[in-house]
Amino acid sequence: MNKNFKEAFEKTRIAGSIAAGALDEVSKIVKPGISTNEIDKTCYEYINDHKAYSAPLYYRGFPKSCCTSVNHVVCHGIPSEKILRDGDIMNVDVTALKEGWHGDTSRMFKVGEVSVKADKLIQTTYEAMMKAIKVVKDGVLLGDIGSAIQSHVESNGFSVVQDFCGHGIGQSFHQEPNVLHYGKKGTGEKIKSGMIFTIEPMINLGRFETKTLKDGWTAVTKDKTLSAQFEHTIGVTNEGYEIFTLSSDQIN
């Protein structure tokens, strides 16, 4: 790995660790009765305390420090005074910007006791992300990543959202390549050692179609069924991959 790649990996590793730590803090407070604004405050304060910046805040006009996507919200849910209730599921998506580099990650949280269907959806989404990550190495095609996700998800009776995708990340929040979460093996761009990007499948209990609400951000399932998402920022190495957003509290 050349010097530039080494620096990029080192900086992303630091930013990714801070982002993962913010989600660890969220895990300590999630329970019925708290608001999504309280989650936003927790993320902002943790990231700020680690001398980093919450990249979503004011990004293209986004008003909060993280995204809180509850139940049928697919992604980009805006924290508010909305109160979490027993049985809700929620994705929290954070990105820490530290010394000019980004670390982007999201995780699902269960609020109290959730349904069997919701539990299976969350587990399948996590498994799909990890199966895709394990495909990654120098020379692999992006279609192989999408295929790993789609085949696992559809074999479990769920659907893959097609309106959003993973993305390259580094000193810019979003850059090439686009990492689709569906596709065919043996197709797409070849990934190379040194690349850094996110894998962040969004999986629906029902159909894959989504729509964006009037706020211009909140994406929901068209059929109002539950949606789940996990996300890691990863780097491509000659031998495989490195996950930059691993959490000490997370099962991986």
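Keep in mind that this is a model prediction, so the values were computed, not measured.

Below, the discussion takes up the sheet that holds strand β6 (residues 159-160). With antiparallel pairing, three strands are arranged side by side in an open sheet as β6-β10-β13. At either end of the open sheet lies a strand with only one pairing partner, and these are β6 and β13 (227-229). Summarising the sheet, β6 and strand β10 (residues 202-204) pair through two bridges and their orientation is antiparallel. Counted as the bridge partner of valine 160 is isoleucine 203 from β10. Running at roughly 35 degrees to β13, helix α3 (residues 116-135) makes contact with β10 and β13 of the sheet.

With 32 residues, the main nonpolar core has Ile89, Val136, Ile145, Ile149, Ile191, Phe197 and Ile199 as its most contacted residues. Listing elements by their share of this core, those giving two or more residues are α3, α4 (142-155), β9 (196-199) and β14 (232-236). The dominant element in this core, judged by the number of residues it contributes, is α3, at nine residues. The residues touching valine 136, leaving out its near neighbours within four places in the chain, are Ile145, Ile191, Phe197, Ile199, Ile234, Val236, Gly240 and Tyr241. The next biggest cluster of nonpolar side chains, apart from the first, holds 21 residues, and it includes Ile18, Val30, Val70 and Met90.

Here we come to the environment of glutamate 209. Secondary-structure assignment places glutamate 209 in the loop between β10 and β11 (210-212). In the structure, glutamate 209 is positioned 48 residues away from valine 161 in sequence and 6.6 Å away in space, judged by C-alpha atoms. Apart from the residues lying within four places of it in its own chain, the contact partners of glutamate 209 are Asn204, Val220, Thr221 and Lys222.

Across the 10 residues that make up strand β4 (residues 89-98), a large majority, nine, are buried. The pairing of strand β1 (residues 53-54) with β4 spans two bridges and is antiparallel. Each residue of the ladder has a partner; that of tyrosine 53, found in β4, is leucine 97. Where strand β2 (residues 67-70) and β4 come together, four bridges link them in antiparallel fashion. From the neighbouring strand, valine 70 faces β4, where its bridge partner is methionine 90. Note: β4 against strand β5 (residues 101-110), 10 bridges, orientation antiparallel. By the bridge assignment for β5, leucine 97 is matched with histidine 102.

It is worth spelling out the sheet that holds β11 at this point. Strand order in the open sheet formed by three strands is β3-β12-β11, with antiparallel pairing between adjacent strands. Strands with a single pairing partner mark the edges of an open sheet, and in this sheet they are β3 (73-75) and β11. Mean inter-strand twist for the sheet, computed between neighbouring axes without regard to direction, equals 40 degrees.

Next up on the list: the packing of α3 against α4. Contact geometry of α3 with α4 gives a least axis separation of 8 Å together with a crossing angle of 150 degrees. What the angle tells us is that α3 and α4 run roughly antiparallel. For the pair α3 and α4, the sense of crossing is right-handed. Touching Thr124, Glu127, Ala128, Lys131, Ala132 and Val135 of α3 are Asp144, Ile145, Ala148, Ile149, His152 and Val153, all from α4.

Leaving glycine aside, a negative phi is the common case for residues, and trans is the common case for peptide bonds. Note the cis peptide between glutamate 176 and proline 177, where omega equals 0 degrees. Structurally, the position occupied by proline 177 is in strand β8 (residues 175-179). Positive phi values are uncommon outside glycine, yet lysine 224 reaches one of about 65 degrees. The residue lysine 224 is located in the loop between β12 (219-221) and β13 in this model.

Its place among the elements puts serine 106 in strand β5. Excluding residues within four positions of it along the chain, serine 106 makes contact with Leu23, Asn91, Val92, Asp93, Gln229, Phe230 and Glu231.

Before going further, it helps to examine the pattern of salt bridges. In total, this model carries seven salt bridges according to the counting rule given. Measuring nitrogen to oxygen at the nearest pair gives 2.7 Å for the salt bridge that ties glutamate 99 to lysine 11. One end of the pair, glutamate 99, is in the loop between β4 and β5; the other, lysine 11, is in helix α1 (residues 3-29), and 88 residues separate them in sequence. Exposure remark for glutamate 99: the relative accessible area of 54% places this residue in the exposed category. Its relative accessible area of 23% is what places lysine 11 among the partly exposed residues.

Criteria and thresholds
- Residues numbered from 1 in each chain as written.
- Predicted model: local features only at pLDDT ≥ 70, side-chain atom pairs only at ≥ 80, totals over all residues.
- Heavy atoms only, no water.
- Pairing = 2+ DSSP bridges.
- Helix = DSSP H or I, 4+ residues; strand = E, 2+ residues; numbered from the N terminus.
- Contact = heavy atoms within 4.5 Å.
- Axes fitted to C-alpha atoms, helices over the stretch in contact; angles between N-to-C directions.
- Core = buried A, V, L, I, M, F, W, Y, C linked by side-chain atoms within 4.5 Å.
- Buried < 20%, exposed > 50% of the residue type's maximum accessible area, 1.4 Å probe, protein only.
- Parallel < 35°, antiparallel > 145°, perpendicular 65-115°, else oblique.
- Left-handed = near helix turned anticlockwise from the far one by under 90°.
- Salt bridge = Lys/Arg side-chain N within 4 Å of Asp/Glu carboxyl O.

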